[in-house]
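Descriptive analysis of the structure
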Amino acid sequence: MEANMELAELKAAWHSLERRLEQDNALRLQELRSRGSDRVRGQLRPLYRGQLLQAAFAVAMMASGIACWTGNLQLPLLFGAGVVIHLYGVLVLACAIRTLLMLNGIDFGQPVLAIQSRLASLRHWHLRSGSLAGLAWWVLWVPMGLVLIGISPLPTEALASGDIRLSPWLWSSVGVGVAEERRLPAAERVV
């Protein structure tokens with residue numbers, strides 16, 4: 001009887017030790033995941049801040065575009081430049097918002113493979129949208145210059161009367177921008 005009692009106590013002690021070991025392993029795994037997710041979150045903070053700055057930039061572009069096209073309804077060149085910059089601001093804001101939503105959609109409680117897949121998708125989107133937003137300036141600097149003219153306090157009567165010939169300069173500048181963009185390696189082009 002005593003041998004049976006010792007065996008039962010030994011089994012109970014063994015199961016108790018096994019439960020503690022499982023709990024310890026679970027805590028260590030949770031701590032390891034927590035440290036890993038904190039590290040990844042820390043590495044993603046600059047991207048998050050950059051997207052907030054990009055959103056602020058986009059709002060500034062939209063505001064300057066709106067100010068230009070609403071103040072120059074009678075001048076097609078300035079009106080068109082204002083609309084282009086306004087639309088560019090909307091596009092850049094949409095890209096920043098989508099990137100922020102993708103960042104916030106990463107659940108670090110998921111399996112590592114799912115997190116890696118989300119991060120790869122985020123990286124792919126960020127590279128494409130960054131190329132779109134950045135490389136567009138090969139051409140967009142021309143409308144932005146016109147927007148700055150349109151919102152400045154300088155008189156625009158010379159543009160309205162046709163005294164200043166911007167057309168050759170404008171088209172040659174756009175042509176140079178497009179030609180330079182085409183010279184870039186395929187990986188850097190806006191796709």
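Procedures and definitions
- Residues numbered from 1 in each chain as written.
- Predicted model: local features only at pLDDT ≥ 70, side-chain atom pairs only at ≥ 80, totals over all residues.
- Heavy atoms only, no water.
- Helix = DSSP H or I, 4+ residues; strand = E, 2+ residues; numbered from the N terminus.
- Buried < 20%, exposed > 50% of the residue type's maximum accessible area, 1.4 Å probe, protein only.
- Contact = heavy atoms within 4.5 Å.
- Areas by Shrake-Rupley, 256 points an atom, 1.4 Å probe, with all protein chains shown as cover.
- Core = buried A, V, L, I, M, F, W, Y, C linked by side-chain atoms within 4.5 Å.
- Expected span 1.5 Å × (residues − 1).
- Phe/Tyr/Trp six-rings, centres within 6.5 Å; stacked < 30°, edge-to-face > 60°.
- Lys NZ or Arg CZ within 6 Å of the ring centre and 35° of its normal.
- Polar contact = N/O pair within 3.5 Å; in protein donor to acceptor, adjacent residues only side chain to side chain.
- Axes fitted to C-alpha atoms, helices over the stretch in contact; angles between N-to-C directions.
- Parallel < 35°, antiparallel > 145°, perpendicular 65-115°, else oblique.
- Left-handed = near helix turned anticlockwise from the far one by under 90°.
- Nonpolar A, V, L, I, M, F, W, Y, C, P; charged D, E, K, R; others polar.
- pLDDT = per-residue confidence, 0-100.

Turning to the overall build of the protein chain, a few remarks are in order. Summing up its helical and strand segments, the protein chain has six helices and zero strands in all. Considering the protein chain as a whole, with its 191 residues, one finds that 27% of them fall into the buried category. For the protein chain, contacts bridging at least 24 residues in sequence account for 76% of all contacts bridging at least 6. Looking at the protein chain as shown, the accessible area adds up to about 12900 Å², and 65% of this sits on carbon and sulfur atoms.

Within the largest apolar cluster, 18 residues are counted, with the highest numbers of intra-cluster contacts made by Ile85, Tyr88 and Val147. Listing elements by their share of this core, those giving two or more residues are helix H1 (2-71), helix H2 (76-104) and helix H4 (137-151). The contact partners of valine 147, leaving out residues within four places of it in the chain, are Ser64, Gly65, Cys68, Ala81, Gly82 and Ile85. Formed by ten residues, the second largest nonpolar core is a distinct cluster that contains Val40, Met102, Ile106 and Leu122.

So, on to H4. Given a rise of 1.5 Å per residue, 15 residues ought to cover 21 Å, and the 20 Å separating the end C-alpha atoms of H4 matches this to within 8%. Among the residues of H4, those classed as buried are Leu140, Val142, Pro143, Met144, Leu146, Val147 and Gly150.

Turning our eyes to something else, we now look at the environment of serine 121. Along the polypeptide, serine 121 turns up in helix H3 (residues 112-135). A sequence separation of 19 residues divides serine 121 from methionine 102, and the C-alpha atoms of the two residues are 8.6 Å apart.

This part is about the packing of aromatic side chains. Following the criterion strictly, the structure yields three aromatic pairs and no others. Three or more aromatic residues joined by ring pairs form one cluster here, namely Phe57, Tyr88 and Trp137. Between arginine 98 and the ring centre of tryptophan 125, over which it is positioned, the NZ or CZ distance is 4.2 Å.

With respect to the helices, strands and loops of the structure, asparagine 72 is situated in the loop between H1 and H2. There is a polar contact of 2.9 Å between the side chain of asparagine 72 and the backbone oxygen of cysteine 68.

Packing of H2 against H3 brings their axes to within 10 Å, and their N-to-C directions diverge by 165°. Here H3 runs roughly antiparallel to H2, going by the angle between their axes. Judged by the twist between their axes, the crossing of H2 over H3 is left-handed. Only Ser121, Leu122, Trp125, His126, Ser129, Leu132 and Ala133 of H3 make contact with H2, whose side of the interface consists of Tyr88, Leu91, Val92, Cys95, Arg98, Thr99, Met102 and Leu103. By residue class, the composition of the contact of H2 with H3 is ten nonpolar, four polar and one charged.

So, on to the side chain of serine 64. Along the polypeptide, serine 64 turns up in helix H1. Those residues in contact with serine 64 that lie beyond four places of it in its chain are Ile85, Met144, Val147 and Ile151.

Our focus in this paragraph is the confidence of the model for the protein chain. Of all residues in the protein chain, 77% attain a pLDDT of 70 or more, and the chain-wide mean is 81. Taken element by element, the predicted model of the protein chain shows its lowest mean pLDDT in helix H5 (residues 157-161) (58) and its highest in H2 (94).

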